[in-house]
Amino acid sequence: MSHEGIRIVSAEEAQQDMAEEKLPLAAVTPLKIRVMKTEGTGVEIDWKDGHKSAWNFAWLRNACPCATCHEERDKAGRKPGVAKPKAQALLMMYEAPPRPVEVTPVGKYAVKFKWNDGHEAGIYSWEYLRRVCGCDTCVAKEKV
Ligand SMILES: [Zn+2]
Ligand SMILES: [Zn+2]
């Protein structure tokens, strides 16, 4: 594995990286995608730039990028992947953990899940997934 994906950035450049600018092609090109549908665990992507991302299905369901979910999160000030707070009564009810019943590739740029709750409007583009990478490095960067 080469190290060409690693670059040292100044604080200023790092700031710019936080903005919604275009990510380098290698950062949004998956080399390997593993969807652990049978296991019901989650998705792992190895990117062309050497980065590795992993998400569990519950997180991905809560990060659904469709307009409805996006708006709902926006209004509530929830970040992608954060579960909706539940009413006390609902907490007691059994709810099947989110997992996809169908996984469909969308062109070369995205993947679509049909969730076990019937929702299937979200198209998860590679670029979106890379932006919401949940690895320790990216999470730490976001907290700065
Ligand atoms: Zn949605
Ligand atoms: Zn990451």
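A. Representation of helix α3 (residues 67–76). Where burial is concerned, little of α3 is hidden: zero out of the ten residues are buried. Looking at the residues trailing α3, positive phi occurs at G77, about 70°.

B. Looking closely at the nonpolar core. Counting 13 residues, the largest nonpolar core has V43, I45, L60 and L129 as its most contacted members. Taken together, the elements giving at least two residues each to this core come down to β2 (42–47), α2 (57–62), β5 (110–115) and α5 (126–131). Here this core gets three residues from one element, more than from any other, and that element is β2. Filtering out sequence-adjacent residues up to four positions away, I45 remains in contact with P30, K32, I33, S53 and L129.

C. The arrangement of the sheet that holds β2 in detail. The antiparallel open sheet is built from three strands, whose spatial order is β1-β2-β3. In this open sheet, the two strands that pair with only one neighbour each are β1 (30–35) and β3 (52–56). Ignoring which end each strand starts from, the neighbouring axes of this sheet average 10° apart. By the bridge criterion, five bridges tie β1 to β2 in an arrangement that is antiparallel. Considered in β2, the bridge of R34 is made with E44.

D. Local environment of the sheet that holds strand β4 (residues 100–106). Strand order in the open sheet formed by three strands is β4-β5-β6, with antiparallel pairing between adjacent strands. The sheet terminates laterally at β4 and β6 (123–125), the two strands that pair on one side only. Averaged over all neighbouring strand pairs, the angle between strand axes comes to 25°, with direction disregarded. Here β5 runs beside β6; their pairing, made up of three bridges, is antiparallel. What sits directly across from A110, in β6, is S125.

Conventions we followed
- Residues numbered from 1 in each chain as written.
- Chains lettered and ligands numbered in written order.
- Predicted model: local features only at pLDDT ≥ 70, side-chain atom pairs only at ≥ 80, totals over all residues.
- Buried ≥ 20, exposed ≤ 12 C-beta atoms within 10 Å, placed from the backbone.
- Helix = DSSP H or I, 4+ residues; strand = E, 2+ residues; numbered from the N terminus.
- Core = buried A, V, L, I, M, F, W, Y, C linked by C-beta atoms within 7 Å.
- Contact = placed C-beta atoms within 7 Å.
- Pairing = 2+ DSSP bridges.
- Axes fitted to C-alpha atoms, helices over the stretch in contact; angles between N-to-C directions.

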